[in-house]
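Close look at the chain arrangement
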Amino acid sequence: MATFGTLSDRLTETFRNLRKKGQLTPADIDGTVREIRRALLEADVALEVVKEFTSKVRERALGDEVNRALNPAQQVVQIVNEELVAILGGEQRRLQFAKNPPTVIMLAGLQGSGKTTFAGKLAKQLEKDGHTPLLIAADLQRPNAVNQLQVVARQAGAAVYAPQPGNGVGDPVQVARDGVELARRQQHDIVIIDTAGRLGVDAELMKQASDIRKATNPDEVLFVIDAMIGQDAVNTAKAFQDGVDFTGVVLSKLDGDARGGAALSVASVTGRPIIFASTGEGLDDLEAFHPDRMAKRILDLGDILTLIEQAQQAFDEEEAMKVAEKLAKDQFTLEDFLDQLQQMKKMGSMKKMLGMLPGMGQMKQQLDDFDEREIDRTEAIIRSMTPGERRNPKVLNGSRRLRIARGSGMTVTDVNALVNRFEQAAKMMKTVARGGVPNIPGMGPIPGSRPGASAKRGKQVKSRAGSRSGNPAKRAAENAGVASQAAIEAPTGSGFGLGGGGAAKTGAPSAEDLAQLQKLLGNG
């Protein structure tokens, strides 16, 4: 999410300074709000939105909810997060489908905003969901717009209606009307109309788009806006709202490196929800827009839910069970590893996925230095091996490794490094699959575990098994001390590690433990 990178960095730095303070004064709040205002203005967020946003944050930050909080700094971060969600639209809004098919979706926006590409992305996503979309080429002005839509439709595996060659020839209103009728006859349940754009807002553009809307009576009119066009985004959105009136917004080019903050203003200024976010050039780079998740990404709080959803789409559950079984039985091979790499590549950019983890904004340099081609190099090395070598890397002697290096265009050192990493990873995953705690190289002992502690404790227990003193009184006193010490060191608490209680004696969680666990899981 490079577009909001600068804004995210500024806000993260502001909150980092805030967290150093144990107690917040009105001066601290004013300073923080001032920094937030600067960050938003530098990111091209509309002035009216910035004023309203910072006013609400300041009012809430000076209220009792922060003064009485155990951690005021975290409370302020939470307030900023909630207000950011509000200006992004509040709740997620999905596409509205017609009760009687076909559902007509009309696309509007300036030239170069990404309407045609978005049409293909939306068609492909709808195809995956079991729909049968029809793309209509109603952009007859832009050179080769019809041809581009045909190419995009072919890549998406969707049907396209393009009776006119375009390039200034044909009536776009008639094409749109005829296309909807064709979709009804051929039982396409979704129609996506790609309309013409201009380099700027003008009367002819608005009239044509308005005429198409009247002729087709669309269920959704999606305004596609370039997330990088700056302050003009708000003016353009208002002009389209007055001229055509749209039902939802699509943010395109969110993977760009411009400030992009003006896109944050669109939902707040127009009152129309952001429905989709386009995050790349590929036809799979389209996400449903979740205001709460986007706010967390901007504040570097991570977006684990989207990451999980992408993983669920890319990974085969049945295949994952087989891999887990192989790990537990120590049968995980380089062939299985190659399959896992292939599934990871289906999820998209590794940088994008890593960027969804909380706190990764603080590792921006490491993310920038991450080489996506490393996966391709690893794949090349494994594919240069024979099936037998993939199943049993122990047979890889010097001559075999030299042959693999030459076949993959890599060095023997690269092959050695891959084999060593694979063996370490397989050992670690095997430990996890069996319910153990892995020893991660370079990270030291896992918190909560003490290497050798069990052996040491065994020696202590053995040494305290009983006194060997010849004096009966002294022996009785020492045995009593051993018993009391053992009682002190005996583990208390349930299997969940949430406090003690009578239930701890039997190993079963108490009602209090279960209530606490439910609270931690967010279900309380």
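This text goes with the structure placed above it.
Treat the numbers as computed from the prediction; the structure is a model and nothing was measured.

Rules of the game
- Residues numbered from 1 in each chain as written.
- Predicted model: local features only at pLDDT ≥ 70, side-chain atom pairs only at ≥ 80, totals over all residues.
- Heavy atoms only, no water.
- Phe/Tyr/Trp six-rings, centres within 6.5 Å; stacked < 30°, edge-to-face > 60°.
- Helix = DSSP H or I, 4+ residues; strand = E, 2+ residues; numbered from the N terminus.
- Buried < 20%, exposed > 50% of the residue type's maximum accessible area, 1.4 Å probe, protein only.
- Salt bridge = Lys/Arg side-chain N within 4 Å of Asp/Glu carboxyl O.
- Core = buried A, V, L, I, M, F, W, Y, C linked by side-chain atoms within 4.5 Å.
- Contact = heavy atoms within 4.5 Å.
- Expected span 1.5 Å × (residues − 1).
- Polar contact = N/O pair within 3.5 Å; in protein donor to acceptor, adjacent residues only side chain to side chain.
- Pairing = 2+ DSSP bridges.
- Axes fitted to C-alpha atoms, helices over the stretch in contact; angles between N-to-C directions.
- Left-handed = near helix turned anticlockwise from the far one by under 90°.
- Nonpolar A, V, L, I, M, F, W, Y, C, P; charged D, E, K, R; others polar.
- Right-handed = clockwise from strand over helix to strand, strands pointing away.

1. Topic: the packing of aromatic side chains
Working definition: an aromatic ring pair is given by the centre-to-centre distance plus the angle between the planes. The final tally for this structure, using the stated rule, is 3 aromatic pairs. Centre to centre, the rings of Phe118 and Phe276 are 5.8 Å apart; their planes meet at 55 degrees, and the pair counts as tilted. In this pair, Phe118 sits in helix α6 (residues 115-128) while Phe276 sits in strand β7 (residues 274-278), placing the two residues 158 residues apart along the sequence. Taking relative accessible area as the criterion, Phe118 reaches 3% and is therefore assigned buried.

2. What to know about the pattern of salt bridges
In this structure the tally under the stated criterion is 17 salt bridges. As a salt-bridge pair, Asp284 and Lys124 come within 3.3 Å of each other at their nearest N and O atoms. Residue Asp284 is found in the loop between β7 and β8 (286-288), and its partner Lys124 is found in helix α6; the two are separated by 160 residues along the sequence. Residue classification places Asp284 among the partly exposed residues on the basis of a relative accessible area of 48%. Assessed through its relative accessible area of 23%, Lys124 is described here as partly exposed. The closest approach of N and O atoms between Glu389 and Arg400, which form a salt bridge, is 2.8 Å. With Glu389 in helix α19 (residues 387-391) and Arg400 in helix α20 (residues 398-408), this pair connects stretches of sequence that are 11 residues apart. The exposure class assigned to Glu389 is buried, which follows from its relative accessible area of 0%. One salt-bridge network, in which partners are shared between bridges, spans Arg60, Glu82 and Glu83.

3. Examining the nonpolar core
Membership of the largest hydrophobic core comes to 93 residues, with the highest contact counts inside it found for Phe118, Ile192, Ile193 and Phe240. Take this core: its biggest share by element is 8 residues, from helix α5 (residues 72-87). With near-sequence residues (within four places) excluded, Phe118 lies in contact with Leu107, Leu222, Val224, Val250, Phe276 and Leu286. Listed in part, the 16 residues of the second largest apolar core include Leu341, Ile375, Ala405 and Ala426.

4. Details of α6
Each α-helix turn comprises 3.6 residues. Residues three or four places apart therefore point the same way. Compared with the 20 Å implied by 1.5 Å per residue over 14 residues, the 20 Å span of α6 between its first and last C-alpha is a close match. A positive phi of about 95 degrees marks Gly130, the residue just after α6.

5. Concerning the side chain of Thr195
Structurally, Thr195 can be placed in strand β4 (residues 190-195). A distance of 2.4 Å separates a polar side-chain atom of Thr195 from the backbone oxygen of Leu107. Apart from residues lying up to four places away in sequence, Thr195 is in contact with Met106, Leu107, Ala108, Lys115, Ala138, Asp139 and Ile212.

6. Let's talk about the pairing of strand β1 (residues 103-108)
Taken across its 6 residues, β1 has 6 buried, putting it largely inside the fold. Strand direction decides the pairing type here: β1 and β4, joined by 5 bridges, are parallel. Each bridged residue has a counterpart across the sheet, and for Thr103 the counterpart in β4 is Ile190. The sheet contact formed by β1 and strand β5 (residues 220-226) spans 4 bridges and is parallel. Its bridge partner being in β5, Ile105 is matched across the sheet by Glu220.

7. Let's talk about the packing of helix α3 (residues 47-61) against α5
Between α3 and α5, the shortest axis-to-axis distance is 10 Å and the interhelical angle comes to 145 degrees. In the packing of α3 onto α5, the handedness of the crossing is right-handed. Together, Val49, Phe53, Lys56, Val57, Arg60 and Ala61 of α3 and Val76, Ile79, Val80, Glu82, Glu83, Leu84 and Ile87 of α5 make up the contact between the two elements. Partitioned by chemical class, the residues of the contact of α3 with α5 number 9 nonpolar, no polar and 4 charged.

8. As for the pairing of strand β2 (residues 133-138)
In terms of burial, β2 is a largely internal element, 6 of the 6 residues being buried. Burial along β2 is two-sided: Pro133, Leu135 and Ala137 and Leu134, Ile136 and Ala138, pointing in opposite directions, are all buried. As paired elements, β2 and β4 share 6 bridges and run parallel to each other. Of the residues in β4, the one forming a bridge with Ala138 is Thr195. Here β2 pairs with strand β3 (residues 159-161) via 3 bridges, running parallel. Paired with Ile136 across the bridge in β3 is Tyr161. Taking the sense of rotation as the criterion, the β-α-β connection linking β2, helix α7 (residues 145-156) and β3 turns out right-handed.

9. What to know about the environment of Thr333
Looking at the secondary structure, you find Thr333 in the loop between α14 (317-328) and α15 (334-346). Residues Thr333 and Glu389 lie 56 residues apart in sequence; the distance between their C-alpha atoms is 9.4 Å. With sequence-adjacent residues up to four places away left out, Thr333 is seen in contact with Arg390, Arg391 and Phe422.

Treat this as a map of the structure, not an account of what it does.
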